[in-house]
Amino acid sequence: SLRSVSVWGVGGRVEMTVSKFMAIQQALQPDWFQCLSDGEASCEETTSMKRARKSVDRSLLFLDNCLRLQEESEVLQKSVIIGVIEGGDVMEERLRSARETAKRPVGGFLLDGFQGNPTTLDTRLHLLSSVTAELPEDKPRLVSGVSRPDEVLECIERGVDLFESFFPYQVTERGCALTFSFDYQPNPEETLLQQNGTQEEIKCVDQIKKIKTTGCNQEMTSFEINLKEKKYQEDFNPLVRECSCYCCKNHTRAYIHHLLVTNELLAGVLLMMHNFEHYFGFFHSIREALKSDRLAQLKELIHKQVS
Amino acid sequence: MAATASPASLDSAPRIMRLVAECSRSRARAGELRLPHGLVATPVFMPVGTQATMKGITAEQLDALGCRICLGNTYHLGLRPGPELIQKAHGLHGFMNWPHNLLTDSGGFQMVSLVSLSEVTEEGVRFRSPYDGDETLLSPEKSVQIQNALGSDIIMQLDDVVSSTVTGPRVEEAMYRSIRWLDRCIAAHRQPDKQNLFAIIQGGLDADLRATCLEEMTKRDVPGFAIGGLSGGESKAQFWKMVALSTSRLPKDKPRYLMGVGYATDLVVCVALGCDMFDCVFPTRTARFGSALVPTGNLQLKKKLFEKDFGPIDPECTCPTCQKHSRAFLHALLHSDNTAALHHLTVHNIAYQLQLMSAMRASIVEKRFPEFVRSFMGTMYGDPTLCPTWATEALASVGITLD
């Protein structure tokens, strides 16, 4: 509707109006917050011109109203609004959304509608580049729903700065550990060890395994290993050699395997610690690669590991 | 049927317990266990980490709470991952990376808890595995063999366990068999210098049977004794009498381990009756139901009354959960699909138990244990005189009055 967005939560449906939304922000007092927007266009497979236009218009209206309420709120003076770029698949509308949102005093931009399955992102990469080209250089760009290492790199190349880290969480939920390499400058000894097969993570995996887990019907990727597999039963190595997370410093693959097989809560605790550390390590290497202009090398390394 | 009094094949077993202080009124003692993986102050509560893990909390967290000994379960670990694998991993300590002490039970208790899957003969206990239907025979020799592979600091004899609600000839049979099985365990034990084998006193709720068992088992020179077969469905009145009988006949210079006891009141009373070591799944299990242990009982944090309660679980508690989080926050977590609250509560409940034991120990050392007991009961029940009858009687039997 014009005045609100329907949100479904624990208690049922909520009509989220601008005033309700801003009242929540006043209570939360966040450092940054994503503005209320109309992302319905992005949920559909193909968007009509009319629907895309509506999503842009409404989102700008929400933004202006939220900005006005923020100005009137003492408590929210230190908080920063992130403007949301909408417009579905319609290039014209995406550009309009970007240009108009950029005119407002927002602290950053969230590019909505690029989430979904891997093909979704692929077909929208061109759209992504066009959108970021319209945005000021000195304000951060966030994208929601993109978290896989290969997809992250595609977005970074097209001007995105911030990502959500739900990928390591999904990996944990399916009892897996991230093991992909992001060391695009390995020392010769390490390369030799890898070539000798000590670390199988570098090898390309031919099959994608389907694993059903609670609420996480995502397929396992080639960036990870599945600790439930019998071959880890007697593997006394850490998840990833040279990883300095608590799990790798203190425990073995065999132990994690045992915890998973016996349905122990500690499995998730240890895997999450590792998966976050590994994922954040990946981002550290991205930053280093960007600084030394070696992103292409990192990208090549990551792509070698995509099955 | 008389028990064959075969002499212990061990030379005089090491004295692993050093008494530091004794209460001049009751039978309470403060001591120190000298175990292969370090010292343990007694009285001590040992959290139960059945399958080589403490229900979601890390070894580092457990260490930080001051835990220096915890339990592993031979029956479960014997099935998964199995003794051969654990031996390859440098024992249970190596497998779970726990630097302090471990006590493994023999697998005997599962005879009671999984009774539909088991059958007892003189040979041992025949179990049908719930995972693959395979049959295993857990004999005294096999139990000790598995525990030898696990490498725990204290190992328990395989005993013939009957539920405390069982009466009749089965109780007597089980008692005498436990003595014979103790001797078989002693004979089978390969590492007496590295692992301390404890006997387990049986006899159910029958004073004569228990007395016989005590007399016979104390002839065997083992490093410590457990009081078993209690903490089932028996009445508290019967329970405390059996505990008191047992401690009155057990040697002073060896530790007394009361199995399966963990409610705060029970711990206080049984320390007064002369017990040194305790284990129970209660604190960790109740945490996973959203219940936090406090000096006045427990807080059911899922309840609406905690929705806006921004204080910690216990303002006096020094655990990380109470340092960082409010009841309101934990309440909200308990109503989400996130398991985080369970971890926070497990940490707190273990801390509560360990802090209770520390406080008791300090009061014994400082010669004010009876005052501690009165104060504890007052806080727990509103007034010391409102303490349950069985506890009042038990305490009175060892010289502690509550009025």
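Please read these numbers as outputs of a predicted model, since none were measured by experiment.

1. Points about the UniProt feature "binding site: Zn(2+)" (unreviewed entry) in chain A
Residues and elements named next belong to chain A.
Step number 1: UniProt tags Cys243, Cys245, Cys248 and His274 as "binding site: Zn(2+)" (unreviewed entry). In summary, the annotated positions, though distributed over 32 residues, converge in three dimensions, the widest C-alpha pair being only 8.2 Å.
Step number 2: Tracing the sequence through the fold places cysteine 243 in the loop between strand S8 (224-226) and helix H9 (246-250).
Step number 3: Since its relative accessible area comes to 15%, cysteine 243 is described here as buried.
Step number 4: Within the secondary structure, cysteine 248 is located in helix H9.
Step number 5: We classify cysteine 248 as buried; its relative accessible area is 9%.
Step number 6: If sequence neighbours within four positions are ignored, cysteine 248 has contacts with Pro238, Leu239, Val240, Cys243 and His274.

2. Observations regarding the pattern of salt bridges
Step number 1: Tallied over the entire structure, the rule returns 47 salt bridges over all chains.
Step number 2: Note that arginine 53 of chain A and glutamate 93 of chain A form a salt bridge whose closest N and O atoms lie 3.8 Å from each other. Of this pair, arginine 53 of chain A sits in helix H3 (residues 49-72) while glutamate 93 of chain A sits in helix H4 (residues 91-103), placing them 40 residues apart in sequence.
Step number 3: Two residues, aspartate 183 of chain B and arginine 220 of chain B, come together in a salt bridge whose shortest N-O distance is 2.7 Å. Here the residue aspartate 183 of chain B occupies a position in helix H7 (residues 169-188), and arginine 220 of chain B occupies one in the loop between helix H8 (207-217) and strand S12 (224-227), the gap between them amounting to 37 residues. Side by side, aspartate 183 of chain B and arginine 220 of chain B carry an identical accessibility label, which is buried.
Step number 4: Salt bridges sharing partners connect three or more residues here, namely Glu122, Asp160, Arg170, Glu173, Arg177 and Arg180 of chain B.

3. Quick look at unusual backbone geometry
All names here are of chain B.
Step number 1: Proline 43 follows threonine 42 through a cis peptide bond whose omega is 5°.
Step number 2: Considering the arrangement of structural elements, one finds proline 43 in the loop between strand S3 (38-42) and strand S4 (44-46).
Step number 3: Residue proline 81 is bonded to the preceding arginine 80 through a cis peptide linkage, with omega at 5°.
Step number 4: Tracing the backbone shows proline 81 in the loop between helix H2 (74-79) and helix H3 (83-88).
Step number 5: Even without glycine at this site, lysine 367 takes up a positive phi of about 60°.
Step number 6: Structurally, lysine 367 can be placed in the loop between helix H14 (340-365) and helix H15 (369-381).
Step number 7: When its relative accessible area of 67% is taken as the criterion, lysine 367 is described as exposed.

4. Some details on the interface of chain A and chain B
Step number 1: Contact with chain A, which involves 18 residues of that partner, is made by 20 residues of chain B.
Step number 2: Per-residue buried area on chain A facing chain B is highest for His258, Glu264 and Leu265 of chain A; these three make up 31% of the total on that side.
Step number 3: Scanning the region where chain A abuts chain B turns up two salt bridges.
Step number 4: Measuring nitrogen to oxygen at the nearest pair gives 2.8 Å for the salt bridge that ties lysine 88 of chain B to glutamate 234 of chain A.
Step number 5: Applying the counting rule to chain A against chain B returns eight residue pairs in polar contact (both at pLDDT 80 or more).
Step number 6: Of all the secondary-structure elements, those providing two or more residues to the side of chain A that touches chain B are H9, helix H10 (253-261) and helix H11 (266-291) of chain A.

Cut-off values and rules
- Residues numbered from 1 in each chain as written.
- Chains lettered and ligands numbered in written order.
- Predicted model: local features only at pLDDT ≥ 70, side-chain atom pairs only at ≥ 80, totals over all residues.
- Heavy atoms only, no water.
- UniProt positions renumbered as here; feature names shortened; annotations may be inferred.
- Helix = DSSP H or I, 4+ residues; strand = E, 2+ residues; numbered from the N terminus.
- Buried < 20%, exposed > 50% of the residue type's maximum accessible area, 1.4 Å probe, protein only.
- Contact = heavy atoms within 4.5 Å.
- Salt bridge = Lys/Arg side-chain N within 4 Å of Asp/Glu carboxyl O.
- Buried area = accessible area lost by both parts, 1.4 Å probe.
- Polar contact = N/O pair within 3.5 Å; in protein donor to acceptor, adjacent residues only side chain to side chain.

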